[in-house]
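As a plain string of letters, each chain reads:
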Amino acid sequence: MTAPSSSLRYDTLCARRAGLTRDLPPGKEDLQWVVNTATLIYGERDAVLVDTFLTIEQNQELVDWVASHDRNLAYIYITHGHGDHAFGVKQLIEAFPEAKAVSTAPVVAKATFEGTPPFIDTFWAARFPGQVPQPQVFPEALDGDTFTLEGHPLQVIETGFTDTEGSTALWVPDLRLVVAGDVAYNGIHQYMGETTTTSRQEWMRATDTLAELNPAFVVAGHKNPALPDDPKILAETKQYLTDFNRLDTETQTHTDLYEAMLALHPNRANPGSLWGGAKKAKGL
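These lines cover the structure that appears in this document, whether it is placed above or below.

The rules behind these values
Residues numbered from 1 in each chain as written. Predicted model: local features only at pLDDT ≥ 70, side-chain atom pairs only at ≥ 80, totals over all residues. Heavy atoms only, no water. Phe/Tyr/Trp six-rings, centres within 6.5 Å; stacked < 30°, edge-to-face > 60°. Helix = DSSP H or I, 4+ residues; strand = E, 2+ residues; numbered from the N terminus. Buried < 20%, exposed > 50% of the residue type's maximum accessible area, 1.4 Å probe, protein only. Lys NZ or Arg CZ within 6 Å of the ring centre and 35° of its normal. 1 Å grid on protein atoms, 1.4 Å probe; cavity = no way out; pocket = protein on both sides within 12 Å on 5 of 7 lines; lining within 4 Å. Points joined across faces, edges and corners; volume = space filled by probe spheres on them. Nonpolar A, V, L, I, M, F, W, Y, C, P; charged D, E, K, R; others polar. Axes fitted to C-alpha atoms, helices over the stretch in contact; angles between N-to-C directions. Parallel < 35°, antiparallel > 145°, perpendicular 65-115°, else oblique. Left-handed = near helix turned anticlockwise from the far one by under 90°. Contact = heavy atoms within 4.5 Å. Expected span 1.5 Å × (residues − 1). Pairing = 2+ DSSP bridges.

**Notes on the packing of aromatic side chains**
The tally for this structure, following the rule as stated, stands at 9 aromatic pairs. With a centroid separation of 4.9 Å and an interplanar angle of 40°, the aromatic rings of F113 and F119 are classed as tilted. Taking the centre distance of 5.0 Å and the plane angle of 15° together, the rings of F119 and F123 count as stacked. Placement of both F119 and F123 in helix α5 (residues 119-127) is noted, with a separation of 4 residues, approximately one turn of the helix. Neither F119 nor F123 differs from the other in exposure class; each is buried. Three or more aromatic residues joined by ring pairs make a cluster, and in this case those are F87, F113, F119, F123 and W124. R127 extends its terminal NZ or CZ atom over the ring of F123, reaching a point 4.1 Å from the ring centre.

Right under this line is the structure:
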């Protein structure tokens, strides 16, 4: 997509996979999937890729998709350190050796933790055996909060703790585009497994920070591919967090919390994220 006054455009690739939580109660089998996004921002010659995918196969698809745009890949920007967004750096760098993988220092630290034994083995490889790229290559820490694409500024917005620590989004003023990483979700249950009541309030403030930019497009880190990149997803993400915190105080068990949230948000994909978050909230 493009804005009328800009030479930049963006395109998003969606990759569907199984969710991380597999012990759900019956009843939502048709929604037990999740989609990751990777976004290419490109001009006449060069491009910036925001986020990568989890598995070797998905990241090979991403390599082919980037190549199909016939641009010089200058940067790979990682919004946050979760492995399902960062594990493709090695494959992308091998395919596009002129590209530089970058992020903030906190994201680099989190990505390094997730991509290094024992965590990568006990968490990611255990759930996706034989599918996770190893050894990992990690982004470098940016010097400052802005880099450029063909002279157009791309600004890093540090958003604090969203679904994990040290999250960021990328703001492209020329397109009025926010590539939100996991600050925003779009038709997908939000990952709560690392959150607390307090950190969810911080996440709500992060959605407000991005909304204050008055974006025309917001790409969520996880989205239902049928849905548009509508900025209203920032308010929807915030409402989901508000509902979760309220219902956490009104329910006694993780099952009660899960079912109460499903009643409010019945059509979101990946209920495993909600199930895992409900268990975490109730101390299980």
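The discussion continues.
**What to know about the layout of surface pockets**
Taken as a whole, the largest pocket spans an internal volume of roughly 420 Å³. What lines the largest pocket is a set of 29 residues, and nearest its centre among them are L20, T21, F123, Y191 and S273. The set of elements that each furnish at least two residues to the lining of the largest pocket consists of α5 and α9 (271-281). Per-element accounting of the lining of the largest pocket gives the leading share, 6 residues, to α9. For the lining of the largest pocket, the residue count by class is 9 nonpolar, 11 polar and 9 charged.

**A closer look at the packing of helix α8 (residues 254-264) against α9**
Where α8 meets α9, the axes come as close as 8 Å, and the angle between the chain directions of the two elements is 140°. In terms of orientation, α8 and α9 fall into the oblique class. Like other packed secondary-structure pairs, α8 and α9 cross with a definite hand, here right-handed. Contact residues: α8 offers H254, T255, L257, Y258, M261 and L262, while α9 offers P271, L274, W275, A278, K279 and A281.

**Description of helix α1 (residues 56-68)**
When the terminal C-alpha atoms of α1 are compared, their 18 Å separation across 13 residues agrees well with the 18 Å that a helix rising 1.5 Å per residue should span. Summarising the contacts, the buried residues of α1 are in contact with β1 (9-17), β2 (34-42), β3 (46-50), β4 (72-77) and α3 (89-95). Of the residues trailing α1, D70 is marked for its positive phi of about 55°.

**Some details on the pairing of β2**
Counting buried positions along β2 yields 9 of 9 residues, so the element is predominantly enclosed. Residue alternation in β2 divides its side chains into two sets, V34, N36, A38, L40 and Y42 and V35, T37, T39 and I41, and both sets are buried. When β2 meets β3, the two strands line up antiparallel, connected through 4 bridges. Looking across to β3, one finds that L40 is bridged to L49. Adjacent in sequence and paired antiparallel, β2 and β3 are bridged by 3 residues.

**Some details on the pairing of strand β8 (residues 152-160)**
Here is the key point about a regular strand: its side chains alternate between the two faces of the sheet. Pairing geometry for strand β7 (residues 146-149) and β8, over 4 bridges, is antiparallel. Paired with T148 across the bridge in β8 is P153. Between β7 and β8, which pair antiparallel one after the other, the connecting turn spans 2 residues, and E150 there sits at a positive phi close to 50°. Inspection of the sheet shows β8 paired to strand β9 (residues 167-172) by 5 bridges, in the antiparallel sense. Along β9, the bridge assignment pairs I157 with A169. Following β8, the chain reverses through 6 residues before pairing antiparallel with β9; G166 in that reversal takes a positive phi of roughly 65°.

**Regarding the environment of A125**
Considering the arrangement of structural elements, one finds A125 in helix α5. Between the C-alpha atom of A125 and that of G181, which follows or precedes it by 56 residues, the distance is 22 Å. Beyond its immediate chain neighbours, meaning those up to four positions away, A125 contacts I120, V132 and Q134.

By themselves these figures say nothing about function.
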